[in-house]
Amino acid sequence: MEISYFLLGLCIFSYFYGSVSAKSTCKLKAKFNLSGYKDVEKKKVVIGGMFPVHMRIASTDGNTSRLPVSSGCEGFNFRTFRWTQTMLFAINEINKRKDLLPDTDLGYVIYDSCFTISKAVEGTLTYLTGQDEAVPNYRCGTGPPLAALVGAGGSDLSIATARILGLYHFPQVSYSSTCSALESKFQFPTFLRTIPNDKHQSTAIAQLVLHFGWTWVGTIAADDDYGKYGIKDFKEQVEEAGVCISFSETLPKVSSPEDIQRIVQTVIESTAKIIVVFSSDVDLSPLITELLQHNVTNRTWIATEAWVTSALITQPRVSSLLGGTLGFGVKRAAIPGLQHHLLDLDPYADDLTEEFWETLFNCTLSYSKALRGVPDGLCTGSESLAQLNNTYTDVSQLRITYSVYKAVYAVAHALHNLEHCEEGKGPFNGKDCADITNFEPWQLMYYMKNVRFTVPHTGEEIYFDDGDIEGFYDIINWQFNSNGEISYNTVGRYNGSAAPEDRMTIMNDSIVWNNDMLEPPRSVCSENCRPGTRKGIRQGEPVCCFDCIPCADGEISNTTNARECILCSEDDWSNDAHDACVPKIIEFLAFGEPLGITLIVISAFGGLVTIAVGVVFIVNLGTPLVKANDALLSFSLLFSLVVTFLCSIIFLGEPQNWSCMTSQVALALGFALCLSSIMGKAAVLMLRAQALKAARAKSKAAAKAAKAAAEAAANSGSPDVIVTNTNNNIDAGVGPNPEVDALTCAHQRAIAAVATLIQAIACTVWLIILPPHSIKNTSAQNIKIILECDEGSVVFICCIFAYDILLALMAFIFAFIARKLEDHFSEAKCMTFGMLVFFIVWISFVPAYLSTRGKFMVAVQIFAILASSFGLLTCIFLPKCYILLVKPERNTEEAMRPRAKPRDGTSTGTSASLNTAATEVTATTASTAIDD
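Definitions and limits used
Residues numbered from 1 in each chain as written. Predicted model: local features only at pLDDT ≥ 70, side-chain atom pairs only at ≥ 80, totals over all residues. Heavy atoms only, no water. Helix = DSSP H or I, 4+ residues; strand = E, 2+ residues; numbered from the N terminus. Polar contact = N/O pair within 3.5 Å; in protein donor to acceptor, adjacent residues only side chain to side chain. Contact = heavy atoms within 4.5 Å. Buried < 20%, exposed > 50% of the residue type's maximum accessible area, 1.4 Å probe, protein only. Pairing = 2+ DSSP bridges. Axes fitted to C-alpha atoms, helices over the stretch in contact; angles between N-to-C directions. Patch = residues over 30% accessible without salt bridge, like charges linked within 9 Å, V, L, I, M, F, W, Y side chains within 5 Å. Areas by Shrake-Rupley, 256 points an atom, 1.4 Å probe, with all protein chains shown as cover. Salt bridge = Lys/Arg side-chain N within 4 Å of Asp/Glu carboxyl O. Expected span 1.5 Å × (residues − 1).

(A) Up close: the side chain of Glu788. In this fold, Glu788 is placed in strand 27 (residues 784–790). Within the structure, Glu788 has its side chain in polar contact with the side chain of Asn777 (distance 2.7 Å). Not counting residues up to four positions away in its chain, the partners in contact with Glu788 are Pro655, His773, Ser774, Ile775 and Asn777.

(B) Inspection of the pairing of strand 13 (residues 326–329) at higher detail. Here strand 13 shows a buried face lined by Leu326 and Phe328 and a second buried face lined by Gly327 and Gly329. Pairing of strand 12 (residues 300–303) with strand 13 involves 2 bridges; the strand directions are parallel. For Ile302, the partnering residue across the bridge sits in strand 13 and is Leu326. Bridge analysis of strand 13 against strand 16 (residues 472–480) gives 4 bridges, and the strand direction is antiparallel.

(C) View of the sheet that holds strand 6 (residues 146–150). On the basis of which strands lie adjacent, the open sheet formed by 6 strands has the order 1-5-2-6-7-8 and mixed pairing. If you trace the sheet from one side to the other, it starts and ends with strand 1 (36–39) and strand 8 (191–193), each paired once. Each strand of the sheet is rotated relative to its neighbour by a mean of 25°, with strand direction disregarded.

(D) Representation of a nonpolar patch on the surface within the structure. The grouping of Leu757, Ile761, Val765, Ile768, Ile769 and Leu770 at the surface amounts to a nonpolar patch, some 560 Å² of accessible area in total. Within the fold, Leu770 resides in the loop between helix 21 (745–769) and strand 26 (773–777).

(E) Quick peek at helix 4 (residues 117–129). Helix length check: helix 4, at 13 residues, gives a terminal C-alpha distance of 18 Å against a target of 18 Å (1.5 Å per residue), a fit within 8%. Most of helix 4 sits inside the fold, with 11 of its 13 residues counted as buried. Every buried residue belonging to helix 4 is among Lys119, Ala120, Val121, Glu122, Gly123, Thr124, Leu125, Thr126, Tyr127, Leu128 and Thr129, and all of these are buried. Immediately downstream of helix 4, the backbone of Gly130 shows phi near 90°, a positive value.

(F) Spatial organisation of the sheet that holds strand 27. Spatially, 3 strands are ordered 25-27-26 in an open sheet, and the strand pairing comes out mixed. What marks the edges here is a single partner per strand, and that holds for strand 25 (585–587) and strand 26. Within this sheet the neighbouring strands show an average axis-to-axis angle of 25°, counted without direction. As defined by bridge partners, strand 26 adjoins strand 27 across 5 bridges and the pair is classed as antiparallel. The partner of His773 across the bridge, within strand 27, is Asp790.

(G) Structural detail: the side chain of Asp474. Here Asp474 lies in strand 16. A distance of 3.3 Å separates a polar atom in the side chain of Asp474 from a polar atom in the side chain of Arg493. Residues in contact with Asp474, not counting those within four places in the same chain, are Gly327, Phe328, Gly329, Val330, Arg332, Arg399, Thr490, Gly492 and Arg493.

Nothing here speaks to function; it is all geometry.
So this is what it looks like as structure tokens:
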């Protein structure tokens, strides 16, 4: 705003001033109150300087009833006073040199900017005018030409002065204005600096934060262009890399206890352990004081070059707050002779030095002030500066001081090049040269932009790259000893001109952290998500604040802070930690495991028992019991049971294509042969039972007719008729003729063969079209790959085993109908019980099979096969073996005959007794006829 007012006044003044003579219209518009140094008498060229010797301007009453007078300054700054003395030292050193400007004595005009824009503008206008008052757009002085302005301290001050100086192409060389906005040659065409651009520093701080893995950072910036631009560049770089800003506060330029208290509260409440501060020491000092009062600790501060070595910050007890601070300092160098110059001051030389002396020793050099009561009384003027431990005399960290030194030498070398320009080889107006005693600022600006020189005593080569120098920094660590004394240890370097991977070098082991920690502090909103988890963003919070969500089963994360979990392949599964995919457990019912061995033993035992039964039958092949109801079907039934027992073994082991086909087909054909054999035997028994039932009915009718005839004859009185009781002999002699059997042995065998052949044809078609095959089942259980057999076609498998069920139903129905054929051995009842066991086993198998997974499904299936096979073997053949082996005396034709009919007249025969029934029935009929 001050600049806008100035430009407006400039236009008005120029308008009126151009129409009348300068002598008649010049008048004083305001009274400036400037302090500083001036030496222009008998000098050929004058160099300007501007330093914030005071920290602020004094408050005013705002009285507008008198001539405006600029405010005074307060808060003497010993550090910046050293910078001022360095400029004086450099000019004196140059004036003594014979190789640099040997014929030119440099003068100087140095003003105090009081760290305030308005004061910087006042000083600039006064300097340009050449008088003690400002006359805009005119140089009223008659002294030596002005060379350049060294200053003006902070970035805000330099921006204000650079806008004015840029109007006249007046060179300005800054020693501490690092704001990146000043790189714009469109806005600031004549601005140069001997301190790196803040773009380098912002990048350096960002790389430091990333180097230590800090993702939760607080920022504090001064309310000026230096703070705003610096923190803006820093934020852009770290946020792009995934770092989050916990808080961002602005330090007030004018003292504001409320704002300072608010910032302190923010720092206390924040969980961020790293705080980046882009500010000058003057602006930061009130905050440090307040933080010390609140005993804030356990924070690591990142300092910029403006305060990283400032004694103004190092207050008593500051070690608990700022211990372990890391910061970036510009190049440091020793300047021989400077300390002697600093100590060799005449306190009575000028007002500024007098104020310095009085402030330093807390006394006064004025008798009038002494009479008013100064705490330590009157100064002698001979006090020793060397005995004081003061930032003014401390030359151990000459960084900004060295930058001032380089700025003065840059102007001197540009003047030297201007002075020694060879006629006809100059850069102006057709190779003209400028006159050192009467040159224009824009002429010197040409030489300033192209200057290249080596700094005395250090050997550093200086040149301006579009107004800037290389971005080189020392990384400084604040380390305190047991006495609270601070040392600024260099623990690394940053070179902005190097390749990105080589820019920063830092010695981690050399760093002492806050509270003497050995490891770098952690500053994260949320702890890192370990492998096996992923980041879950919290709604409404920065991306650095997240929850660690465990990966689901089958998913992994093998990196820290993974955003997503990775799905394992079908053949792999996540381990317990969910940080690696491991092969799934391959499961199948192996031969060697206990369950497999048990099933093999049971299967083998069943097969051996079945073979043993077959041997017993072969040994007793000619006996009535074995011959009854076709012995060949009995052997086919035993063979099928052997097949079913042994095919269960094929279900064990790792499934292969051949084993899947063999096991399913063998099981289907084995049960088909078994059930068709039972069905053939039961069909014959059923038909015989029906025939016997019909014969009984016929015999009973004949007996009733004979009895009626006998009773009629008796009633007629015939003496030749003898009535006898025939009820007891009716069933005893009733029996069918062998030719009555509708199914012979050949028919039974044909039934079994045809039924089995149908199943064989179906299985063959199944194997040709969609055969069973082995598969890896990865969906049944997450952590396992189940090796199992795929049926190939659900339709085929259902049809094939539905056919077996049909055979079983028919065999059960036939056997159930024939169950009343009774003799000493009832085969129909045995088959009925056997089929009941078969159905019970397989009905129980279905829910058990569906409720199991993996190898236990195979075990359930094998148990069902074995149980049904043992059920048929036991129910059908155990009674026969009992007679053949234990009761051989019952294995006779007599024993196979029907038993005596019960008193209720119900008696049945069996297949073994029916062969003799026909003869007895015939005899009974003949006897009845004789009686008649």
